[in-house]
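These are the residues of each chain, in order.
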Amino acid sequence: MSTSSKTHRKLNVQSPVPADIDIANSVDPLHISEIAQDLNLDPKHYDLYGKYKAKVLLSVLDDLQGSEDGYYVVVGGITPTPLGEGKSTTTVGLCQALGYFLDKKVVTCVRQPSQGPTFGIKGGAAGGGYSQVIPMEEFNLHLTGDIHAVTAANNLLAAAIDTRIFHEASQSDKALLNRLCPPNKEGKPRLGEKIKKFSRLDIDPDSITWRRVMDVNDRFLRKITVGQGPEEKGMVRETGFDIAVASEIMAVLALTTSLSDMRERLGNMVIGNNKAGEPITAEDLGVAGALTVLMKDAINPTLMQTLEGTPVFVHAGPFANIAHGNSSIVADKIALKLVGPGGFVVTEAGFGADIGVEKFMNIKCRYSGLKPQCAVIVATVRALKMHGGGPQVVAGKPLDRAYLTENVALVEAGCVNLARHISNTRAYGVNVVVAVNMFSADTEAELNAVKSAALSAGAYDAIVCTHHAHGGRGADGNHASIAVVKLRISFLAPACSNEDEMVDLGIAVQRACENVSQPFKFLYPLDISIKEKIRAIAKTYGASGVEYSEQAEKQIEMYTGQGFSNLPICMAKTQYSFSHDASLKGAPTGFVLPIRDVRASIGAGFIYPLVGTMSTMPGLPTRPCFFDIDLDTTTGKIIGLS
């Protein structure tokens, strides 16, 4: 049996729950070397980044080669409200329950959050309440600099593109050859027969898809012009900025399996076409090696901890729409070896299960070769009421009374959304456990309605959770021995003492992993056409068909002709509906899914159809989160971060 060690910390839970930053600051984190020791990580396999963070080196996989993996669990959610339904909190709370109370070896694997939302409208992504990754201010801000490395590499490639076009336009073939391919000591060109093609790429400026990035929400950089300086000789073109985590380099980081694989993927990134319609890559530009140098430390996952002292790997942070929205393959692989048989690796997938879990299964697992045993789907009464026909939920505005008073019929009507997510996820051959994230206004009747609907839809189990208020709190010693102490969470308020109403998410997940009865399978094979793969995914949304714009048809034809049709599909659509229309709640059917455009991240390894308009550079609201963030100059502690 894979058991954890003694580094765990008992929380002093308070009610009402204090602010996230206050809870995080109330706990003294363990030195990260203690967390590493708990995982049997040799000091030669990690580099310290201060007291509470460490970079875990890929060399650990060489030492653990041949070791058996632990159980693999992915956490997704139902179609969310704009407020979010608590996937990160549930992910952390589940791991605290498994590690602290069930005495299992466990590693939480999550994405690094962008600073854009942290200072914008969403806030941080460290979990919440008594289920957080700490130090939360370091988690939500610079961490170990991986996003900055992605930004630097991305913008180096952007500079290389414009510079190459500039020099090709202003120099003769002979001058280009002499500068790009200087002779070696024997006076011979270094590149041999490749010299002519290398020296003049003939990039079509109108085909360039590569944009610059920064890790700040700035709507005024969505569309810009470059080359307006007098020395650029009138070579003006229109481009723009994306948020850093939307860079293909971030997706490459998340999907790479080794340093050599990352080098190859970075070189394969397509930035546009030449004037003959042939793809131009980072390798063609001669910059792939430099990109790898900038990313050489970012490939190593960052080790942190939860409030209750269980280990966390934080690594990569790709968008969940134009990219696959999951943390890295290398972090999961290292974690699975470290926890070993009987241990657990729990990772979170972005947005609802129709987006994050689908991409986890069909993209991430396809490249990693890993097979999950269990998927946890997080649901809330609030979101299910919305899907049942409740009033619109708007971030920053008070909830309508419908969400604060009992309405079992509204909850039951909205459970069609949960049922479709369960059905879709079970189709991959994994057991599904529903975690009902409880809020103070939820009633016992409403929570029972969700549990009943989940079980009727085929869930392995359905558990009501209060991780935000209680962390991974377990039952008292009257009901279980220390070795098998259970995570018990009440349906009602913390004062509730009815033991029949206590449930156990940790044990439900453990049993679900131990009792998988179906083989793991993908939704589609890779050798069918791009359109057939899109159609397979659209059916899981409830679509009756797919329609393509003229631009989408053109792009599909181009990518097929260039030999990229064997890549998996990464659908870029709204997270607020199964459909393309965010206003269509519940489980809509009979709609035709419109594909506006089709693009590709060849280095990362997927084709991404655009369902509607996708913003890759968020804007700031009227009152951004940064209004509340400050530094206590006496103590040096950050205040107002959420």
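Residues numbered from 1 in each chain as written. Predicted model: local features only at pLDDT ≥ 70, side-chain atom pairs only at ≥ 80, totals over all residues. Heavy atoms only, no water.

1. Brief notes about the overall build of the protein chain
Moving on, step 1. Along its length, the protein chain carries 21 helices and 24 strands.
Moving on, step 2. The proportion of buried residues among the 642 residues of the protein chain is 57%.
Moving on, step 3. For the protein chain, the accessible surface area stands at approximately 25800 Å², while carbon and sulfur atoms represent 51% of it.
Moving on, step 4. Between the mean site of the 62 positive side-chain charges and the mean site of the 66 negative ones, the protein chain shows a separation of 4 Å. (Helix = DSSP H or I, 4+ residues; strand = E, 2+ residues; numbered from the N terminus. Buried < 20%, exposed > 50% of the residue type's maximum accessible area, 1.4 Å probe, protein only. Areas by Shrake-Rupley, 256 points an atom, 1.4 Å probe, with all protein chains shown as cover. Lys, Arg positive; Asp, Glu negative; His and termini not counted. Charge placed at Lys NZ, Arg CZ, Asp CG, Glu CD.)

2. Focus on a nonpolar patch on the surface
Moving on, step 1. Taken together, the side chains of Leu620, Phe626 and Phe627 define a hydrophobic patch exposed on the protein surface, amounting to about 270 Å² of accessible area.
Moving on, step 2. Turning to its location among the elements, phenylalanine 626 is positioned in the loop between β22 (606–610) and β23 (630–631). (Patch = residues over 30% accessible without salt bridge, like charges linked within 9 Å, V, L, I, M, F, W, Y side chains within 5 Å. Salt bridge = Lys/Arg side-chain N within 4 Å of Asp/Glu carboxyl O.)

3. Details of unusual backbone geometry
Moving on, step 1. Cis geometry is found at the peptide bond from serine 15 to proline 16, where omega equals 0°.
Moving on, step 2. Considering the arrangement of structural elements, one finds proline 16 in the segment before α1 (20–25).
Moving on, step 3. Each neighbour pair has its own omega, and for isoleucine 134 with proline 135 the value is -5°, a cis peptide bond.
Moving on, step 4. With respect to the helices and strands, proline 135 occurs in the loop between β6 (131–134) and α6 (136–140).
Moving on, step 5. Even without being a glycine, lysine 233 presents a positive backbone phi close to 55°.
Moving on, step 6. Here lysine 233 shows up in the loop between β8 (224–226) and β9 (237–239).
Moving on, step 7. Located in the positive-phi region is alanine 316, a residue other than glycine, with phi close to 70°.
Moving on, step 8. Relative to the assigned elements, alanine 316 resides in the loop between β14 (311–314) and α13 (329–339).

4. Focus on the environment of methionine 614
Moving on, step 1. One can find methionine 614 in the loop between β22 and β23.
Moving on, step 2. Taking relative accessible area as the criterion, methionine 614 reaches 18% and is therefore assigned buried.
Moving on, step 3. Excluding its chain neighbours within four sequence positions, the residues that come into contact with methionine 614 are Asn321, Ile322, Ala572, Lys573, Thr574 and Arg596. (Contact = heavy atoms within 4.5 Å.)

5. Let's talk about the confidence of the model for the protein chain
Moving on, step 1. Confidence in the prediction for the protein chain averages 90 pLDDT; 91% of positions are at 70 or higher.
Moving on, step 2. Every residue in residues 474–503 scores below 50 in pLDDT, and together they form 65 contacts with partners more than four places removed in sequence or on other chains. (pLDDT = per-residue confidence, 0-100.)

6. Quick word on the nonpolar core
Moving on, step 1. In terms of nonpolar packing, the biggest core is built from 86 residues, with Leu41, Leu157, Trp210, Met295, Leu303, Phe313 and Phe606 touching the most fellow members.
Moving on, step 2. Beyond its immediate sequence surroundings of up to four residues, methionine 295 is in contact with Ala149, Val150, Ala153, Ile249, Leu253 and Met262.
Moving on, step 3. Counting residues in each nonpolar core, the second largest holds 26 residues, with Ile534, Ile556, Phe578 and Ile602 among its members. (Core = buried A, V, L, I, M, F, W, Y, C linked by side-chain atoms within 4.5 Å.)

7. A few points about the packing of α13 against helix α14 (residues 356–368)
Moving on, step 1. Taken N-terminus to C-terminus, the directions of α13 and α14 make an angle of 60°; their axes are 10 Å apart at the nearest point. Between α13 and α14, the interaxial angle falls into the category oblique. Read as a crossing pair, α13 and α14 show a hand that is right-handed. In this structure, α13 uses Ile329, Asp332 and Lys333 to contact α14, whose residues at the interface are Lys364, Tyr367 and Ser368.
Moving on, step 2. Of the residues belonging to the contact of α13 with α14, the class tally is two nonpolar, one polar and three charged. (Axes fitted to C-alpha atoms, helices over the stretch in contact; angles between N-to-C directions. Parallel < 35°, antiparallel > 145°, perpendicular 65-115°, else oblique. Left-handed = near helix turned anticlockwise from the far one by under 90°. Nonpolar A, V, L, I, M, F, W, Y, C, P; charged D, E, K, R; others polar.)

8. Overview of the environment of leucine 253
Moving on, step 1. Mapped onto the secondary structure, leucine 253 falls in helix α10 (residues 248–255).
Moving on, step 2. Sequence separation of leucine 253 and alanine 316 is 63 residues, and the distance between their C-alpha atoms is 6.3 Å.
Moving on, step 3. Dropping the residues within four chain positions of it, leucine 253 is found in contact with Met262, Met295, Ala298, Ile299, His315, Ala316 and Ser328.

9. Some thoughts on the packing of helix α11 (residues 259–268) against helix α12 (residues 288–295)
Moving on, step 1. Orientation of α11 relative to α12, taken along the N-to-C sense of each, is 130°, at an axis distance of 9 Å. Taken together, the axes of α11 and α12 lie oblique to each other. Classified by chirality, the crossing of α12 by α11 is right-handed. Note on element contacts: α12 touches α11 through Ala288, Gly289, Leu291, Thr292 and Met295, opposite Met262, Arg263, Leu266 and Gly267.
Moving on, step 2. Taken together, the residues of the contact of α11 with α12 sort by class into five nonpolar, three polar and one charged.

10. Looking at the pattern of salt bridges
Moving on, step 1. A full pass over the atoms with the stated rule returns 22 salt bridges.
Moving on, step 2. One salt bridge in this structure joins aspartate 162 and arginine 237, with 2.7 Å as the shortest N-O distance. You can see aspartate 162 sitting in helix α7 (residues 146–170) and its partner arginine 237 sitting in strand β9, a full 75 residues away along the chain.
Moving on, step 3. Given the relative accessible area of 18%, aspartate 162 is considered buried.
Moving on, step 4. On the basis of relative accessible area, arginine 237 is assigned to the buried category, the value being 13%.
Moving on, step 5. Each member of the salt-bridge network shares a partner with another, and the members are Asp162, Arg212 and Arg237.

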